[in-house]
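# Analysis of the macromolecular model
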Amino acid sequence: MVYNFDWSSTPLGPMDTWDPVLKNATNLCLKTEFPTCIFIDPSNWIILYNKAFAPLILPDYPALGTSVKYEEVWRETYEAYMSLAFNRVTATGKGLYFNDRPIILKRDGYDEEVFFNSTYSPIFKSDGTIYAIWCLAQETTQNVLTTRRLKLLGEFGHLTSKIESLESAFHIITKALRDNKDIPYTLIYSAKHKLNTGYESLIANLISTTFDSDDKEKRNIPDYLPESHETINLTKDANKKGRNVKVLLDDESQAVLFPIKISLDKDHVLLIVLIYGLNRSRALDNQYMEFFNLVTNQIYELLQHGKSVEDEKKQTKILADMNYQKIMFFQGISHEIKTSENSKIQGLDNGADDYLIKPFSTRELICRIRANIECTNLRRKILSHRYKQEDIKQLLLSIINTIFSESDLDKTLLYITKEIYRRLPCEKIFIISNEPFKNNKIVIPYENDSEDLTPLINPFTEINDNNTSNTQLCTRSQKYFNEYLGVDISLDEYCDEVHKNVSILSVEIRLDNNIWGWIKVHRSQNSFWSDSEIELLQQISNHISLAITYAKLLEEIGEKEIQIKVVEFANNAKTQILANTSHELRTPLSAIEGLLPSLEGTTLTNDQKDMLKIISNAADIVLSIVKDVPNVAKLEAKKIILVNKTFDLLNSLESTIIMFGKKAATKNIELVVNCEIDMLPRYVKSDPERLNQVLTHLLSNS
């Protein structure tokens, strides 16, 4: 395409009239595998590029042979990204390097922000002036996005200590998401919903946004968002299936909606809707959606932590109230016992009736003792719940540490499975994957398992004082979690693994908005599952998704490192082969060169002397070429060194011509050097060996 282009229609003129330096640069540009282009002639900056650079050119832009300085469609791009760099290179004569430079390109008909590492290097003409700029580019968009998104996910982990309540968690989350390039804005709505009731009047209120001021008093929501933004009606969408919804706003920008449910108590849940704005310059691909899923999982964990902090504060207050009541109770008993002794004495004087009526009754004492027992039971329940919450928190932290310290996904999943078994009363636990790898099922406990899997013992044993609540709780949980995609409860189902009927709790593991696998827990037939157990498995499922994503990232990084090492090994092997070849050829040629001077001292005819001289010149040139074989590797490594010395140009030309004179004569061709002696300088400063190489190749090809 480049060589067939009509360059005579451009200010550069036909290609054969170009400066040799520009021809060499063009040849190197077309042969390199990297995206490369050349901007020629500072007065016009005409573009020339190779095959690898073609995808970076916008489809509607005239490209090859076009002046990026004056062409109408190029002018905005030139002024925005090129003008300052070109002026600096031409003024200083030094190259420039840009790292992860953002550029807006039109892809699939839309403006998309991409990032490049690029260089601008000057190309000098023979007279020392800058005639062109060499541009080498490499797209780094995915690296920039991955680094930026992982940084945000890492920042979420440091927010836990700042959360003091569920409400504060909302505002801390939106503050962390403020000014984020991947999520331009975030709106959080919530609605309290009673289980086992309809959705006739389900109105969610706006709780927090990234537009809120730090004092929470001002909210500067832009005009392109819906007008009635303080509340949204969830009734019409309550029965829709799916984990997220994509919407188009008034200004044709896009947003995605993610639902979350948080259990408040056994009768109520908090329905939360997260609305994320999309970056206008990014396509909503699978990686972008996976990023939103990870952010949503992190937000869910922070909100759960806020709810736990609130519960702990309430429990602390209840314990303080109970301790106060306990103290008052025993003080009352002590006072009444003392009063009763005095009353007995007074009763002898005043009569038995006064004693039976005034001191205290047995019924009142029994009621107070019962109240104390109930307070003690409630206190044990609160302590047990607090212990469970702390244990779950430590478990989730240990899982995160295992994810980042263990590169083997199977070992990570095995560790998670064993920890679940130690905390949930169950017979077997399965982690089953949809992916076709060698070990797509992990079972605990398994046969011949010598590891100690003793269940953890809660020192604050709960006292069940309600015999009928379990059935009601399970029925309520069954209806609630069946509404949430990803949880399934079967109290009496036949299992092929154990060959009997069992009670099964199954929680989905999702990745890229698809089902990656399941966590399945078995108990004896007709056993019930509490809400806290189901929520624990959901939290662990989110952490497994994070572990799988992290393992895939490590695998991709490992593959790229292997590819880099393969390329380095191939380059080293090529360099070694060239060096060995040069050495093997140089040895016999050096012997020939060593024998030629001794032949010159013998008696020879004039023709023989001429032939000997031709052989000597040819041997010198061949030996020079052989010596330059390793220079191919040096050229690729940019370590080639040119010699700059003064030599007789005419003699150099004639000595090269003489080598081919006899071969030309056999074809009836007269080979002569034709030059203007008066105009051509006799002595020049350059590299004579390189010049002879070029002339030798040209004559040999001719």
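Computed from a predicted structure; not experimentally measured.

## Points about the overall build of the protein chain
Check the secondary structure of the protein chain and you find 14 helices and 18 strands. Across the 702 residues in the protein chain, those meeting the buried criterion constitute 39%. By sequence separation, contacts in the protein chain at least 24 residues apart represent 61% of the contacts at least 6 residues apart. Summing over all exposed atoms, the protein chain offers an accessible surface of approximately 41600 Å²; the carbon and sulfur share of this is 54%.

## Focus: the sheet that holds strand 2 (residues 46–49)
In spatial order, the strands read 2-1-5-4-3; together these five strands make up an open sheet with antiparallel pairing. Two strands bound the open sheet, and with one partner strand each, they are strand 2 and strand 3 (96–107). Averaged over neighbouring strand pairs, the angle between their axes works out to 30° when direction is ignored. Examined bridge by bridge, strand 1 (residues 36–40) and strand 2 share four bridges and lie antiparallel to one another. Along strand 2, the bridge assignment pairs Cys37 with Tyr49. Lying on the sheet, helix 2 (residues 72–92) is in contact with strand 1, strand 2, strand 3, strand 4 (110–124) and strand 5 (130–139); it crosses strand 3 at an angle near 170°. Relative to the sheet, helix 3 (residues 141–156) contacts strand 3, strand 4 and strand 5, its axis offset from that of strand 4 by approximately 125°.

## Here's the deal with the environment of Tyr683
Note on placement: Tyr683 falls in strand 18 (residues 683–686). Accessibility expressed as a relative area gives 56% for Tyr683, which makes it exposed. Setting aside residues up to four positions removed in sequence, Tyr683 forms contacts with Thr646, Phe647 and Asp648.

## Remarks on the environment of Thr129
When you line up the elements, Thr129 lands in the loop between strand 4 and strand 5. In this structure Thr129 comes out as partly exposed when scored by relative accessible area, which is 38%. Remark: the alpha-carbon pair of Thr129 and Gly93, spanning 36 residues in sequence, is separated by 9.0 Å. When neighbours within four sequence positions are excluded, Thr129 is seen to be in contact with Ile123 and Phe124.

## Notes on the pattern of salt bridges
A side chain of one charge can pair with a side chain of the opposite charge if their charged atoms are brought near each other. Within the structure shown, the criterion is met by nine salt bridges. Among the ionic pairs, Asp182 bridges to Arg149, the shortest N-O distance being 3.4 Å. With Asp182 in the loop between helix 4 (166–176) and strand 6 (186–194) and Arg149 in helix 3, this residue pair connects regions lying 33 residues apart in the sequence. Of the residues examined, Asp182 reaches a relative accessible area of 1% and is grouped as buried. Among the ionic pairs, Arg510 bridges to Glu508, the shortest N-O distance being 3.2 Å. For the pair Arg510 and Glu508, a shared accessibility class is recorded, and that class is buried. Through salt bridges with shared partners, a single ionic network connects Arg148, Arg149 and Asp182.

## Remarks on unusual backbone geometry
Peptide bonds are trans in most cases, and residues, glycine excluded, mostly fall at negative phi. The residue Asp41 is not glycine, and still its phi comes out positive at about 70°. Looking at where Asp41 falls in the secondary structure, it is placed in the loop between strand 1 and strand 2. A positive phi angle, close to 50°, is found at Asp100, a residue other than glycine. With respect to the helices and strands, the residue Asp100 is situated in strand 3. For Asp100, a relative accessible area of 30% gives the class partly exposed.

## Regarding the packing of helix 13 (residues 649–665) against helix 14 (residues 688–701)
Orientation of helix 13 relative to helix 14, taken along the N-to-C sense of each, is 35°, at an axis distance of 10 Å. Here helix 13 runs over helix 14; the crossing is right-handed. Contacts between helix 13 and helix 14 pair Leu649, Ser652, Leu653, Thr656, Ile657, Met659 and Phe660 from the former with Leu691, Asn692, Leu695, Thr696, Leu699 and Ser700 from the latter. Tallied by class, residues from the contact of helix 13 with helix 14 come to eight nonpolar, five polar and no charged.

## Let's talk about helix 11 (residues 606–627)
Relative to the 32 Å expected for 22 residues at 1.5 Å per residue, helix 11 spans 31 Å between its end C-alpha atoms, a close match to the ideal helical length. Restricting attention to buried positions, one finds in helix 11 the residues Leu612, Ser616, Asn617, Ala619, Ile621, Leu623, Ser624 and Val626.

## A closer look at the packing of aromatic side chains
To describe a pair of aromatic rings, you give the distance between the ring centres and the angle between the ring planes. Evaluated as defined, the whole model comprises 13 aromatic pairs. Geometrically, the ring pair formed by Phe39 and Phe86 is tilted, given 5.0 Å between the ring centres and 55° between the ring planes. Highlighted residues: Phe39 in strand 1 and Phe86 in helix 2, separated in sequence by 47 residues. Pair check on accessibility: Phe39 and Phe86 agree, each one buried. Through a chain of ring-to-ring contacts, three or more aromatic side chains come together here, namely Phe39, Trp45, Phe86, Phe98 and Tyr120. The side chain of Arg682 reaches across the aromatic face of Tyr683, ending 6.0 Å from its centre.

Cut-offs and rules
Residues numbered from 1 in each chain as written. Predicted model: local features only at pLDDT ≥ 70, side-chain atom pairs only at ≥ 80, totals over all residues. Heavy atoms only, no water. Helix = DSSP H or I, 4+ residues; strand = E, 2+ residues; numbered from the N terminus. Buried < 20%, exposed > 50% of the residue type's maximum accessible area, 1.4 Å probe, protein only. Contact = heavy atoms within 4.5 Å. Areas by Shrake-Rupley, 256 points an atom, 1.4 Å probe, with all protein chains shown as cover. Pairing = 2+ DSSP bridges. Axes fitted to C-alpha atoms, helices over the stretch in contact; angles between N-to-C directions. Salt bridge = Lys/Arg side-chain N within 4 Å of Asp/Glu carboxyl O. Left-handed = near helix turned anticlockwise from the far one by under 90°. Nonpolar A, V, L, I, M, F, W, Y, C, P; charged D, E, K, R; others polar. Expected span 1.5 Å × (residues − 1). Phe/Tyr/Trp six-rings, centres within 6.5 Å; stacked < 30°, edge-to-face > 60°. Lys NZ or Arg CZ within 6 Å of the ring centre and 35° of its normal.

Geometric values such as these leave the question of function open.
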